[in-house]
Amino acid sequence: MYVRSCHLYCSTGHPCSCKRMNGSLQSWYWYKSYQCSGSTQLQDISCKPFINPLPVINLVALLLNRDISDDPFDFCERLKVSKDLCDVEVNFTLEKNADKKYRITGLTSQGSSQLPCPCDDSGTGKTVVEYFKETYRRTIRSRVPCLKVRDQEKPTTYLPMEVCEISDAKQISYLLSVACQHPMDHEKTILQTVNPYNEDPHAKEFGITFENKLTIVKGRVLPPPVLKFNDQGKVKEFLPKVGKWNMRLKQMVKGGEVNTWACINFASDITHAAAVAFCDELAVMCVISGMNFKGDPVLPLVNAKPNHVRPFLKKHYQRFMEILRPLHKELDLLIVILPDKNGTLYGDIKRICETDLGLVSQCCLAKHVLKMKPQYLTNIALKINMKVGGRNTVLLDAVVGNLPRVSNTPTIIFGADVSHPHHGEGRSSPSIAAVVASQDWPEVTNYAGLVRPQARHEEIIQGLFNENDCGSGCISGGMIKEHLISFMRSTGHIPRRIIFYRDVVSKGRLNMVLEHELSAIKKKQHHTRLFAGNYGVGSTIFQSGNVLPGTVVDKEICHPTDFDFYLCSHAGTKGVSRPVRYHVLWDENNFTANALQILTNHLCYT
C-alpha cells in the first residue's frame, strides 16, 4: 500500500499488514511513500484500528467492557459510545434493501420503551419497542438507548442497536496503543518495505533501484538551558537532563495566590472522604511549591452528576458568590474531579467556567485522585500556578541577558495554529484559529491566547488583522494588534522585534502564509524520522531508544537553498519521536542558524 499526497493505493506486490487485537478490532499497518527533492524517497509506516463487520450491540459491549443486557446507559457511557460511533455507517438487518446504509449521528438519551417512534405516521404515539414488536415481530431491549441515524430520505431515525450491523470494516476513533513501536523496530520495519521495490517490474523497466539503508545525516545535540527557580528553595538553578526535571527541593520562581477556592466531584466512584483528602494534599503541595494557597474551601466539597453540568455549575457558583460578594472577593479557583477522559464533559465544564462564569478551573481525573502520587500533585500545582498568574520557572539566560536576539531588544514571540473539525463533526462546525503571544520581557515565559472561529477548513488565519469602517474612517484591529497592546501594557515597552512561529501548513500554501500572515517562522508538515546511528551507546541515546532532546539536523535532508532545520526538543518516552521542521520564511532580525536553533530549543522549556 502506497501513500502519495495522502491518497492510498493498494498493490498486490506490497500488501499492508494486519494485526488482530481481539475478536472485533484489527490493527492495519500500511506503508507511506513520498517523493522528496532529487532522488530521495521518504518511507514510513502508519497504523490505525478498524472495526470488523459485526452487530453494533457487540461492538458497544466491547467499547464499554461489559455485557449489554437491558441495563440503561449512564451519562458517561452514552457520551463514549456516541463519540466512538459517530459517522460510522450501519445496515438495518430487518430491512429488505440490504444495500441501504445509515450513518450514525449519536445516541438517544432515553431507552427505546420511552422513545416515541418517528416512523409511526399514524399518530398513535407508539414507542420504538411497540413499533418493532408490531411491525417486525421483534422484541428489543427496552431500556437501552437507540442509535440516531440519518439517510437521504429522513433527517433523523431511531434504530435499536441489536438490529444494526457495521456495514464494512470502518476505522474508528477507539484509542489503542497499537502503533507504539521502539525506534529500532520501527527502523527495521521501514527497511523491510524497501526490498519489494527492487523487484517491481516497472522499476526494473526504468532502471530504478533503491538502496536498502537509511540516509545517514550528521546532527548535533543542543545544550539544554539552565532553569532559574525561586531563591527561597534549596535548589535555585537547575540544568535539565534528557529534557526532564522535577520540583524536588525547588520552588516556583513566582508563586500565585489562591485565597478562595471550591471543589465539585463528578466521579461517582470517588467517595466524599477521598475527594476531601485529595484537595487537602493538593493544597499542601501548592504551598510547598511556593504558592500562597489557603487551606479551607469556601464551601464543603459538593458531589454532582455529569448529566446536569450547566445548571449545577451555575447554581453552586451563585452559592459561592453569596458568601464572597459581601467580602468583595471572587472565586479564585474551582477544582473539578472527572470520572474519566470524557472529552464532552471536560469541554462543557471548561466552556461554562471560562465563558459563562469567568472562573479559573482545574480538572483532575478520578484515577489520579485515588492514587494521590506526589508527582501528579506537583504537576497540578504547576498548572494552577500558571492559571492564577504565577510563574513556574524562567530561563537563566533570559535573566542575565544572554538570550539570543531577545535580551538586547524588546521582543514579542507569537505562536499560531488553525485547528479544523474532525471527521464526523457537523458540517456547520467552523475551523478555530488560535494565536498566543508573550506578555513579559526579557523572561518570555508568560503567554496570552486569543481564539477566533473562521471558515471551515480555511488554513490562512483570517483574524490576524482587519479594518472596520466606523463612518469617520477605518479602524484597524485583529489579534495581532490586541496582543501588541497587551504586551505594551504589561511590559511598558513597544516591541521592536517580532518572532512568529506558525504551526503546520501545507507545502502549497507557504507563499500565501508569507503574504497574509506577516513575516513568519513556521513548522511544515512532514513524515521525517530521526533514528540513532548506534542504539548501544547510552550517552547519545535516550533510554526509550529515541534521539536525545535538543538533537538538530540542518544538512543533507534539508532544503538546498532555504533556511530550515529539524529539531527534536522533547524527550520521547514511547514510540518514535517526531522532529519538528522549522522553515524560516522571512527574517529581518538577521538570526544565524545556531542562534535561532538555540532560541527555539530554549523556548521549549518555558
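Residues numbered from 1 in each chain as written. Predicted model: local features only at pLDDT ≥ 70, side-chain atom pairs only at ≥ 80, totals over all residues. Heavy atoms only, no water.

- The name an unreviewed UniProt entry gives the protein is Piwi domain-containing protein, with Aegilops tauschii subsp. strangulata as the organism.
- Recorded in UniProt under Sequence similarities (unreviewed entry), the annotation for the protein is "Belongs to the argonaute family. Ago subfamily." (UniProt positions renumbered as here; feature names shortened; annotations may be inferred.)

## So, the pattern of salt bridges
Inference 1: Considering all chains together, one arrives at 13 salt bridges under this definition.
Inference 2: A salt bridge links Asp-231 to Lys-228, with the shortest nitrogen-to-oxygen separation between them at 2.7 Å.
Inference 3: The exposure class of Lys-228 is buried, given its relative accessible area of 15%.
Inference 4: Of the charged contacts in the structure, one is a salt bridge between Glu-482 and Arg-452, with a shortest N-O distance of 2.6 Å. With Glu-482 in helix α12 (residues 479–491) and Arg-452 in strand β24 (residues 447–454), the pair connects residues that are 30 residues apart, well separated along the chain. (Salt bridge = Lys/Arg side-chain N within 4 Å of Asp/Glu carboxyl O. Buried < 20%, exposed > 50% of the residue type's maximum accessible area, 1.4 Å probe, protein only. Helix = DSSP H or I, 4+ residues; strand = E, 2+ residues; numbered from the N terminus.)

## With respect to the environment of Ser-486
Inference 1: Relative to the assigned elements, Ser-486 resides in helix α12.
Inference 2: Looking at Ser-486, the relative accessible area reads 29%, which means it is partly exposed.

## Describing the packing of helix α6 (residues 272–288) against helix α10 (residues 374–387)
Inference 1: Orientation of α6 relative to α10, taken along the N-to-C sense of each, is 65°, at an axis distance of 9 Å. Classified by the angle their axes make, α6 and α10 are roughly perpendicular. Judged by the sense of rotation from one axis to the other, the crossing of α6 with α10 is right-handed. On α10, the residues touching Phe-278, Glu-281, Leu-282, Met-285 and Cys-286 of α6 are Pro-374, Tyr-376, Leu-377, Thr-378, Ile-380, Ala-381 and Ile-384.
Inference 2: Looking at the contact of α6 with α10, its residues break down into 10 nonpolar, one polar and one charged. (Axes fitted to C-alpha atoms, helices over the stretch in contact; angles between N-to-C directions. Parallel < 35°, antiparallel > 145°, perpendicular 65-115°, else oblique. Left-handed = near helix turned anticlockwise from the far one by under 90°. Contact = heavy atoms within 4.5 Å. Nonpolar A, V, L, I, M, F, W, Y, C, P; charged D, E, K, R; others polar.)

## Quick word on helix α14 (residues 593–603)
Inference 1: Counting buried residues in α14 gives eight out of 11 residues, a clear majority hidden from the surface.
Inference 2: Turning to α14, its buried residues are Ala-595, Leu-596, Gln-597, Leu-599, Thr-600, Asn-601, His-602 and Leu-603.

## Details of unusual backbone geometry
As a rule of thumb, non-glycine residues mostly have phi less than zero, and peptide bonds are mostly trans rather than cis.
Inference 1: Following Trp-441, the chain continues into Pro-442 via a peptide bond in cis, with omega recorded as 10°.
Inference 2: Along the polypeptide, Pro-442 turns up in the loop between β23 (431–438) and β24.
Inference 3: Its identity is not glycine, yet Met-372 carries a phi of approximately 50°, on the positive side.
Inference 4: In this structure, Met-372 sits in the loop between α9 (366–371) and α10.
Inference 5: Since its relative accessible area comes to 26%, Met-372 is described here as partly exposed.

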